[in-house]
Amino acid sequence: MQDFMVQLVGDLLPVGVIAAVDIAGVLVATVLDFVSGICRASRTGQRRTSRRFRRTVTKVLSYLLLLFGMLSVDGIIVLTMLLSNVGNTMVIIPCFTTTTAICLTLIEAKSISENVGSGRLFDDIMGLIKRVKFI
């Protein structure tokens, strides 16, 4: 039984690392959006109010709730695969959590683009690549 538990934890470790990276990526994107929003407000002379700061906290909490919900679904799938020995023959990725994290990160990237650039995400990314390329 102890060997089984050790193997199960070893099999779950990569899944946990991927999920942690997903959650951290969304949190970093949200913080960057928050900072870019503050910079935009300073640049345009808008007031920075507690109501807007509270909206950011609400957004982070709703993102985390969504991510942990998807992580629960992925956890059920991964544990079912591992306990039925299907997972021993393939790489297991928390696909719902990762897909959700990618979507949320793209939403935040669009918001950052609106705060610091033209609002057209692709054009802003290409402009950034051109600037970095020639620095």
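Worth saying up front: this structure is predicted, and the values here are computed from it rather than measured. (Residues numbered from 1 in each chain as written. Predicted model: local features only at pLDDT ≥ 70, side-chain atom pairs only at ≥ 80, totals over all residues. Heavy atoms only, no water.)

## A word on the overall build of the chain
Per the secondary structure count, the chain includes four helices and zero strands. Listed by position from the N terminus, the elements making up the chain come as α-α-α-α. Among the 135 residues that make up the chain, the fraction classed as buried is 24%. Nonlocal contacts in the chain, meaning residues at least 24 apart in sequence, comprise 70% of its contacts between residues at least 6 apart. (Helix = DSSP H or I, 4+ residues; strand = E, 2+ residues; numbered from the N terminus. Buried < 20%, exposed > 50% of the residue type's maximum accessible area, 1.4 Å probe, protein only. Contact = heavy atoms within 4.5 Å.)

## Re the environment of E114
Counting through the fold element by element, E114 comes out in helix α3 (residues 95-116). Note: C-alpha distance between E114 and G37 (77 residues apart in sequence) is 9.1 Å.

## Brief notes about the environment of G127
Residue placement: G127 occurs in helix α4 (residues 121-133). For the pair G127 and G117, spaced 10 residues apart in sequence, the C-alpha separation works out to 9.4 Å.

## Details of the pattern of salt bridges
What the rule picks out here adds up to three salt bridges. Note that E108 is salt-bridged to K59, the shortest N-O span being 3.3 Å. Of this pair, E108 sits in helix α3 while K59 sits in helix α2 (residues 50-83), placing them 49 residues apart in sequence. For E108, a relative accessible area of 1% translates into the label buried. A relative accessible area of 22% places K59 in the partly exposed class. E114 is the partner of K110 in a salt bridge, and the nearest nitrogen-oxygen pair spans 4.0 Å. Separated by four residues within a single helix, K110 and E114 lie in helix α3, roughly one turn from each other. Classification of E114 as partly exposed rests on a relative accessible area of 39%. It is possible to trace a salt-bridge network through shared partners that takes in D33, K59 and E108. (Salt bridge = Lys/Arg side-chain N within 4 Å of Asp/Glu carboxyl O.)

## Concerning α2
Compared with an ideal rise of 1.5 Å per residue, which puts 34 residues at 50 Å, α2 spans 48 Å between its outermost C-alpha atoms and is within 8% of the ideal. When we look at burial in α2, the residues that qualify are T56, Y63, L67, D74, V78, M81 and L82. N85 sits one or two residues past α2 and shows a positive phi near 65°. (Expected span 1.5 Å × (residues − 1).)

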